[in-house]
Amino acid sequence: MSATFDVVELATTYANKSAQDILKLAFAEFGDELWISFSGAEDVVLVDMAWKLNKNVKVFSLDTGRLHPETYRFIDQVREHYKIDIELVSPDYTKLEPFVKEKGLFSFYKDGHGECCGIRKIEPLRRKLSAVNAWATGQRRDQSPGTRSAVAVMEIDTAFSTPERTLYKFNPLAQMTSEEIWGYIRMLELPYNSLHERGFISIGCEPCTRPVLPNQHEREGRWWWEEATQKECGLHAGNIISKA
């Protein structure tokens, strides 16, 4: 990374630039140290753009152990389509097994998704990012008006930085709409998760994801039993504005 990399200033400069331009900057600054986060949904657009800029792009995906079978097949489709490795990051069994033994497999319906996501998503992600200088996500502002409407195209990751190491986070697709994402997928005939053909828009773990009805927002299919403005699992905890 260059000594002149000012993420706040560059976030303003690149606020209206294309996703490709943002990724070009990310690769120029971090090269092969940049990791792409792939969630098994529309993040295929991010993977496609990054791969076209760097054939050695590094990609990882969180395997919570509770994903839909279709998502696992899709991850493998993408792996084969681009001839790339996709590193699957799994929960720590020493934390997961006692949790399941004590609370069972569906405790989140009673006491919220926070603890389960903490073990299956947050801890594995923290472990992965502990050795990473920069990562890029497929977050978009239109995904969740309650928590993502102000997502910056690049930022310091306050959730996963440490006093010893600053972690930089890029959100190249922040300004793109769902319509633009799907236009890109269709135009280039990219692989996509077959669950999208059955009414699933925002896809996470199988027990916590359901199809949405016409005119429902995509996040209404995630953690539908909880408060709508807090629908983040913690991967992007900085998006949530705490209530007074």
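That block above? That's the structure.
Predicted model, so just to flag it, every value in this text is computed and none were measured.

Okay, helix H3 (residues 44-53) next. Here H3 lies mainly inside the structure; seven of its 10 residues are buried. Those residues of H3 not exposed but buried are Val44, Val45, Leu46, Val47, Asp48, Met49 and Ala50. Along its buried surface, H3 packs onto helix H2 (19-30), strand S1 (34-37), strand S2 (58-62), helix H4 (69-82), strand S4 (134-136) and helix H8 (178-188).

Take the sheet that holds S4 next. Pairing within the open sheet is mixed, and its six strands lie in the order S3-S2-S1-S4-S6-S5. Two strands lie at the open edges of the sheet, namely strand S3 (86-89) and strand S5 (154-156), each paired on one side alone. Averaged over all adjacent pairs, the angle separating strand axes in this sheet is 30 degrees, with direction ignored. Pairing of S1 with S4 involves three bridges; the strand directions are parallel. Bridge pairing in S4 places Leu34 opposite Ala134. Sheet strands touched by H4: S2 and S3. Its angle to S3, the strand with the most contacts, is close to 150 degrees. Packed onto the sheet, helix H7 (residues 114-129) meets S1, S2, S3 and S4 and runs at close to 160 degrees relative to S2.

Let us now look at the packing of aromatic side chains. Under the definition given, this model contains 14 aromatic pairs. Residues Phe106 and Tyr109 carry aromatic rings whose centres are separated by 6.1 Å and whose planes lie at 5 degrees to one another, so their mutual orientation is stacked. The class for Phe106 is partly exposed, based on a relative accessible area of 44%. Residue classification places Tyr109 among the partly exposed positions, given a relative accessible area of 37%. Three or more aromatic residues joined by ring pairs form one cluster here, namely Phe5, Phe30, Tyr168 and Phe170. It is Arg66 that lies over the ring of Phe106; its NZ or CZ is 5.0 Å from the centre.

In this section: the environment of Asp21. Along the polypeptide, Asp21 turns up in helix H2. When the C-alpha positions of Asp21 and Pro172 are compared, they lie 8.3 Å apart, and in sequence the two are 151 residues distant.

The rules behind these values
Residues numbered from 1 in each chain as written. Predicted model: local features only at pLDDT ≥ 70, side-chain atom pairs only at ≥ 80, totals over all residues. Heavy atoms only, no water. Buried < 20%, exposed > 50% of the residue type's maximum accessible area, 1.4 Å probe, protein only. Helix = DSSP H or I, 4+ residues; strand = E, 2+ residues; numbered from the N terminus. Contact = heavy atoms within 4.5 Å. Pairing = 2+ DSSP bridges. Axes fitted to C-alpha atoms, helices over the stretch in contact; angles between N-to-C directions. Phe/Tyr/Trp six-rings, centres within 6.5 Å; stacked < 30°, edge-to-face > 60°. Lys NZ or Arg CZ within 6 Å of the ring centre and 35° of its normal.

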